[in-house]
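Results of the structural survey
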2 protein chains.
Amino acid sequence: MSDAPVTLSQVAREAGVSLATASRAINGSATRSVREDLRERVLEAARRLAYSPDPSAQAMARGRTTALGLVVHDIADPYFSTIAAGVARAAERAGLIVTLASTEHSSARELAFVELARRQRSRAIILAGGRLEPEDGGASAGSEAPAGGGASAGGASGEPGADGGPGPGETGPADPPVGADGPSADGARPVPGALEAALNAFQEAGGGVALVGQPIGGLPVVEIANADGAADLARALHGLGYRWFAVLAGPDGHRTAADRTAGFTGALAELGSPVAPDDVLTCPFTRDGGYSAMGDLIKRAEAGRLPELVFAVNDVMAVGAMAAVRDAGLSVPDDVAVAGFDDIHTLRDVSPGLTTVRIPLAEVGELATELALGRAERTRTTVRGEVVLRDSTPPRPSATPADQS
Amino acid sequence: MSDAPVTLSQVAREAGVSLATASRAINGSATRSVREDLRERVLEAARRLAYSPDPSAQAMARGRTTALGLVVHDIADPYFSTIAAGVARAAERAGLIVTLASTEHSSARELAFVELARRQRSRAIILAGGRLEPEDGGASAGSEAPAGGGASAGGASGEPGADGGPGPGETGPADPPVGADGPSADGARPVPGALEAALNAFQEAGGGVALVGQPIGGLPVVEIANADGAADLARALHGLGYRWFAVLAGPDGHRTAADRTAGFTGALAELGSPVAPDDVLTCPFTRDGGYSAMGDLIKRAEAGRLPELVFAVNDVMAVGAMAAVRDAGLSVPDDVAVAGFDDIHTLRDVSPGLTTVRIPLAEVGELATELALGRAERTRTTVRGEVVLRDSTPPRPSATPADQS
DNA sequence: CTGTTAGCGCCTTCAG
DNA sequence: CTGAAGGCGCTAACAG
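Analysis parameters
- Residues numbered from 1 in each chain as written.
- Chains lettered and ligands numbered in written order.
- Predicted model: local features only at pLDDT ≥ 70, side-chain atom pairs only at ≥ 80, totals over all residues.
- Heavy atoms only, no water.
- Near = heavy atom within 4 Å.
- Polar contact = N/O pair within 3.5 Å; in protein donor to acceptor, adjacent residues only side chain to side chain.
- Helix = DSSP H or I, 4+ residues; strand = E, 2+ residues; numbered from the N terminus.
- Nonpolar A, V, L, I, M, F, W, Y, C, P; charged D, E, K, R; others polar.
- Core = buried A, V, L, I, M, F, W, Y, C linked by side-chain atoms within 4.5 Å.
- Buried < 20%, exposed > 50% of the residue type's maximum accessible area, 1.4 Å probe, protein only.
- Contact = heavy atoms within 4.5 Å.
- Salt bridge = Lys/Arg side-chain N within 4 Å of Asp/Glu carboxyl O.
- Phe/Tyr/Trp six-rings, centres within 6.5 Å; stacked < 30°, edge-to-face > 60°.
- pLDDT = per-residue confidence, 0-100.
- Pairing = 2+ DSSP bridges.
- Axes fitted to C-alpha atoms, helices over the stretch in contact; angles between N-to-C directions.
- Expected span 1.5 Å × (residues − 1).
- Domains from an automatic or database assignment.

This paragraph deals with the protein's contact with DNA strand D. Taken together, 27 residues surround DNA strand D, and among them A:Thr21, A:Arg35, B:Leu8, B:Ser23 and B:Tyr51 come closest. Taking all atoms of DNA strand D within 4 Å of the protein, the share assigned to sugar and phosphate is 62%. Between A:Ser18 and DNA strand D, the recorded distance is 3.2 Å, taken from a backbone N or O atom to a phosphate oxygen. At 2.9 Å, a side-chain N or O of A:Arg24 approaches a base nitrogen of DNA strand D. The set of elements that each furnish at least two residues to the surface near DNA strand D consists of helix H2 (19–27) and helix H4 (55–62) of chain A together with helix H2 (19–27) and helix H4 (55–62) of chain B. For the surface near DNA strand D, the residue count by class is 14 nonpolar, seven polar and six charged.

Here it is, written out as structure tokens:
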């Protein structure tokens with residue numbers, strides 16, 4: 001029962017052929033075929049011995065792994081875990097092993113993982129996560145202007161070394177080597193552009209790359225139509241009769257947040273219901289961020305009135321905002337309507353149902369995988385969301401009948 | 001900029017030492033030291049060249065990878081993604097790369113991944129997920145009775161070859177070999193006990209194993225005190241004055257579900273408020289399962305009355321149940337109180353707040369990692385939950401004052 | 001303490 | 001079309 005790993009040469013011997021032939025029979029070598037009966041014999045022997053190739057050995061011989069790197073900001077976040085599910089599915093289909101990295105929002109870790117992937121010669125890498133502006137100027141518009149500012153360099157430099165000491169256990173002593181827990185973790189100061197450089201290097205080394213969210217340089221990307229989705233949402237809401245909006249806009253420099261905010265306010269401006277600058281609140285991209293920003297809004301409103309509708313740039317924030325409303329003894333949607341973005345599946349049943357923009361996150365993950373593997377036609381795809389109206393934004397009684405699709 | 005991977009020998013040359021010395025200096029070999037100045041020189045050279053070891057090569061040479069396999073039922077499920085976050089954190093601390101497998105509930109895939117991990121010589125593997133009874137009899141009680149059944153042969157045999165054609169891109173042609181997308185995917189009929197056997201084989205081959213949830217055989221496990229947690233919950237609820245309970249009990253044969261159900265009903269029986277068999281409803285372990293079971297309950301109750309409180313064996317089901325209540329035009333908690341289990345973070349803000357049993361899922365993931373790495377004292381840990389009372393289960397007016405802690 | 005020498009398992013030119 | 005011979009980058013006995 002405790003069988004030592006079966007090697008290819010064993011299979012070869014068992015089949016009565018040479019190692020080379022066995023190899024060719026099993027992986028269908030590029031430089032053509034093996035006689036049918038031999039191939040049969042080999043396959044049969046492989047099956048009998050329950051042979052399965054050693055990925056490491058293959059990787060060494062071929063100079064390329066069978067691994068697909070997936071790096072996300074936080075795998076516990078439903079946004080990312082849904083994307084991960086899509087990636088996992090597509091990767092399995094492609095016969096790849098996915099290696100997961102959850103950076104916990106540290107751009108230093110993110111960089112380290114990209115470099116690790118290169119070193120490890122991963123087949124491809126997928127980077128999902130809200131790039132911060134300072135990373136690089138290369139938006140879709142003018143690719144100049146590094147867009148200075150943006151003091152928040154992120155958690156950065158995260159725990160240099162981190163050592164990870166041997167620990168009490170009886171695991172082998174030789175554990176984390178010098179630079180183990182993050183290759184060149186030392187040189188990992190979040191230099192602007194470092195990530196792009198690392199990604200380019202990875203690509204030049206023959207790896208596939210796909211970004212999810214916003215582009216970096218000219219790298220392949222599955223873009224999410226954040227601005228368009230938010231604009232659609234704004235129009236729908238306007239159509240329901242809302243006229244006074246506030247936006248919980250996420251942190252400065254967060255591109256996804258900024259795009260959603262811009263799309264929303266832009267569309268409203270066009271409709272003649274511009275959002276006042278004061279009604280655009282900066283806050284963390286999290287549940288707590290939504291909660292506290294909404295709290296501020298309510299506090300501020302104690303003198304006057306509350307906006308009719310608050311748009312939080314993601315569902316998790318929106319749910320936090322709804323909690324703040326409740327905690328203040330007010331009601332959604334009676335005192336204030338709330339809308340979000342993403343349509344996180346786990347939040348489908350919050351009450352009242354949250355109006356939002358549905359992004360097919362799992363598909364996004366699958367798409368990104370195809371892209372990274374070079375199996376897609378284009379090198380750039382945009383996924384457009386779909387407005388989903390629910391009870392958190394009922395039609396306003398005073399609504400002028402308008403389009404509502 | 002497009003630097004080909006730096007090898008150890010380059011570092012050695014740069015530092016003016018032999019390959020072996022460089023290796024020793026960098027990984028701190030078991031058979032002790034290197035002179036301080038030489039080590040310095042090597043490290044310095046490594047840094048200058050931005051060297052970082054090739055995991056595949058190391059794996060080959062050492063006969064052991066630096067990979068930690070994590071297999072979950074569905075990474076999109078918040079329960080698993082939270083555990084995954086803990087695993088990711090602990091793994092990084094230990095300098096390990098985590099390879100993720102989302103089985104989408106196919107036990108054939110689960111088995112295939114365990115075998116892959118063995119073949120790949122992963123350092124350790126963590127299996128999270130509700131084992132189904134039929135897997136094996138080896139609970140804590142009698143370890144006999146293979147408990148046959150288990151017809152679902154799963155997707156199995158998945159697309160032999162899968163070819164994955166060269167594709168348009170410039171990715172290498174040689175792609176998934178014959179048995180690539182799942183080692184011995186052929187022999188993967190969900191034979192009862194096969195998983196345990198595979199796990200044992202993996203362990204005997206020197207890999208670390210940790211289960212999350214329920215034990216299999218005598219393998220290391222982080223158990224979750226499902227029965228105790230549910231019993232605590234039952235007592236707390238009873239203390240609040242509830243007397244008539246129903247349970248959305250999950251599917252037959254699902255151990256986690258069964259344990260929670262048993263703990264809950266057992267405690268109530270002791271308290272003199274036994275749950276009637278009719279009030280224990282079998283249903284899928286999902287949101288929709290909770291929704292439809294609650295729907296049944298409501299339908300059935302149209303003649304008579306509804307139970308005072310419905311306990312769904314996990315939060316996601318509970319949320320589905322709440323949705324069903326709302327959709328029936330009823331209210332939680334006015335018409336019926338609802339409680340869940342897990343305390344999924346993303347659901348913290350549902351309204352009314354859901355009473356539940358908090359399981360520190362991320363910690364569970366970290367613990368499992370320690371365990372799998374042999375860094376824990378014991379080989380078996382139990383994580384106990386904590387009852388969290390929220391608005392979905394307010395005290396009953398007619399309550400007899402009782403303990404409530 | 002350091003350097004030399006074999007491989008780990010597999011793929012891939014080279015001959016045959 | 002098949003077999004024999006190198007080598008991928010690194011570690012782990014062996015000498016020196």
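Before going further, it helps to examine the nonpolar core. Most often, soluble globular proteins keep nonpolar side chains buried together rather than apart. In terms of nonpolar packing, the biggest core is built from 156 residues, with A:Leu248, A:Phe264, A:Met294, B:Leu248, B:Phe264 and B:Met294 touching the most fellow members. Other than its neighbours up to four places away in sequence, B:Met294 contacts B:Leu248, B:Val310, B:Ala321, B:Ala324, B:Val325, B:Val336 and B:Val338. Membership of the second largest hydrophobic core comes to 20 residues, among which are A:Leu111, A:Phe113, A:Ala198 and A:Leu219.

What follows covers the pattern of salt bridges. Per the stated rule, a full pass over the model turns up 40 salt bridges over all chains. Here A:Arg235 makes a salt bridge to A:Asp232, at a shortest N to O gap of 3.0 Å. Remark: A:Asp232 and A:Arg235 occur in helix H8 (residues 226–239); sequence separation between them is three residues, near one turn of the helix. Across the pair A:Asp232 and A:Arg384 runs a salt bridge, and its minimum N-O distance is 3.1 Å. Of this pair, A:Asp232 sits in helix H8 while A:Arg384 sits in the loop between strand S11 (380–383) and strand S12 (386–388), and the two are 152 residues apart along the sequence. Residues participating in the shared-partner salt-bridge network are A:Arg89, A:Arg93, A:Glu366, A:Glu370 and B:Glu104.

So, about the side chain of A:Gln120. Among the structural elements, A:Gln120 can be located in the loop between helix H6 (107–119) and strand S3 (124–128). The residues contacting A:Gln120, other than those within four sequence positions of it, are A:Thr65, A:Ala67, B:Pro55 and B:Ile97.

This next bit is on the packing of aromatic side chains. Residues and elements named next belong to chain A. Inspection of every chain in the model, using the stated rule, returns six aromatic pairs over all chains. Consider the rings of Tyr79 and Phe80, whose centres lie 5.0 Å apart with planes at 85°: the pair is edge-to-face. Judged on exposure class, the residue Tyr79 and its partner Phe80 are both buried. The structure contains a cluster of three or more aromatic residues connected by ring pairs, namely Phe245, Phe264 and Phe311.

Once that is clear, we can look at the confidence of the model for chain A. Per-residue pLDDT for chain A averages 83, and the proportion of residues at 70 or more is 80%. Throughout residues 399–405 of chain A the model reports pLDDT below 50, and contacts reaching past four residues in sequence, or to other chains, amount to eight contacts.

Turning our attention to the sheet that holds strand S6 (residues 245–248) of chain A. All names here are of chain A. Ordered in space as S7-S6-S8-S9, the four strands form an open sheet in which the pairing is parallel. Every other strand in the sheet has two partners, leaving strand S7 (280–281) and strand S9 (337–339) as the edge strands with one partner each. In this structure, S6 lies alongside S7, joined through two bridges in parallel fashion. The partner of Val247 across the bridge, within S7, is Val280. Contacting S6, strand S8 (309–312) and S9, H8 crosses the sheet at an angle of about 165° to S8. Here helix H9 (residues 255–270) sits on the sheet in contact with S6, S7 and S8, set at roughly 170° to S6.

A few words now on the environment of B:Ala128. Residues and elements named next belong to chain B. Locating Ala128 in the fold gives a position in strand S3 (residues 124–128). Taking the C-alpha atoms as reference, Ala128 lies 8.9 Å from Gln214; in sequence the two are 86 residues apart. Setting aside residues up to four positions removed in sequence, Ala128 forms contacts with Val71, Val72, His73, Phe80 and Val212.

Right, let's talk about helix H9 (residues 255–270) of chain B for a bit. Working note: α-helix, 3.6 residues per turn, so residues spaced by three or four point in the same direction. Residue and element names in this part refer to chain B. In a regular helix each residue adds 1.5 Å, so 16 residues correspond to 22 Å; H9 covers 22 Å between its end C-alpha atoms and thus fits that length. Buried within H9 we find Arg255, Thr256, Ala257, Arg260, Thr261, Gly263, Phe264, Thr265, Ala267 and Leu268. Those residues of H9 that are buried are in contact with helix H8 (226–239), strand S6 (245–248), strand S7 (280–281) and strand S8 (309–312).

What the domain assignment reports for chain A is domain 1 (8–62), domain 2 (67–224) and domain 3 (226–359 + 386–404). A straight line from the C-alpha centre of domain 1 of chain A to that of domain 3 of chain A covers 60 Å.

For the rest of this paragraph, the subject is the sheet that holds strand S1 (residues 67–72) of chain B. Backbone hydrogen bonds are what pair the strands of a sheet, in a parallel or an antiparallel way. The twelve strands are arranged S11(A)-S5(A)-S4(A)-S3(A)-S1(A)-S2(A)-S2(B)-S1(B)-S3(B)-S4(B)-S5(B)-S11(B) in an open sheet whose pairing can be described as mixed. Single-partner strands in this sheet number two, and they are S11 of chain A together with strand S11 (380–383) of chain B. Across the sheet, the mean angle from the axis of one strand to that of its neighbour is 20°, orientation sign disregarded. With five bridges connecting them, S3(B) and strand S4 (residues 208–213) of chain B associate as parallel partners.

Following A:Val332, the chain continues to A:Pro333 via a peptide bond in cis, the omega torsion being 5°. Of the consecutive residues B:Ser351 and B:Pro352, the connecting peptide bond is found in the cis state with omega at 0°. Its identity as a non-glycine residue notwithstanding, A:Asp342 has a phi of 120°, on the positive side. Mapped onto the elements of the fold, A:Asp342 is located in the loop between S9 and strand S10 (356–358). Residue classification places A:Asp342 among the buried positions, given a relative accessible area of 4%. Despite not being glycine, B:Arg121 shows a phi value in the positive range, around 55°. Its location among the elements puts B:Arg121 in the loop between helix H6 (107–119) and S3. With relative accessibility at 27%, the residue B:Arg121 sits in the partly exposed group.

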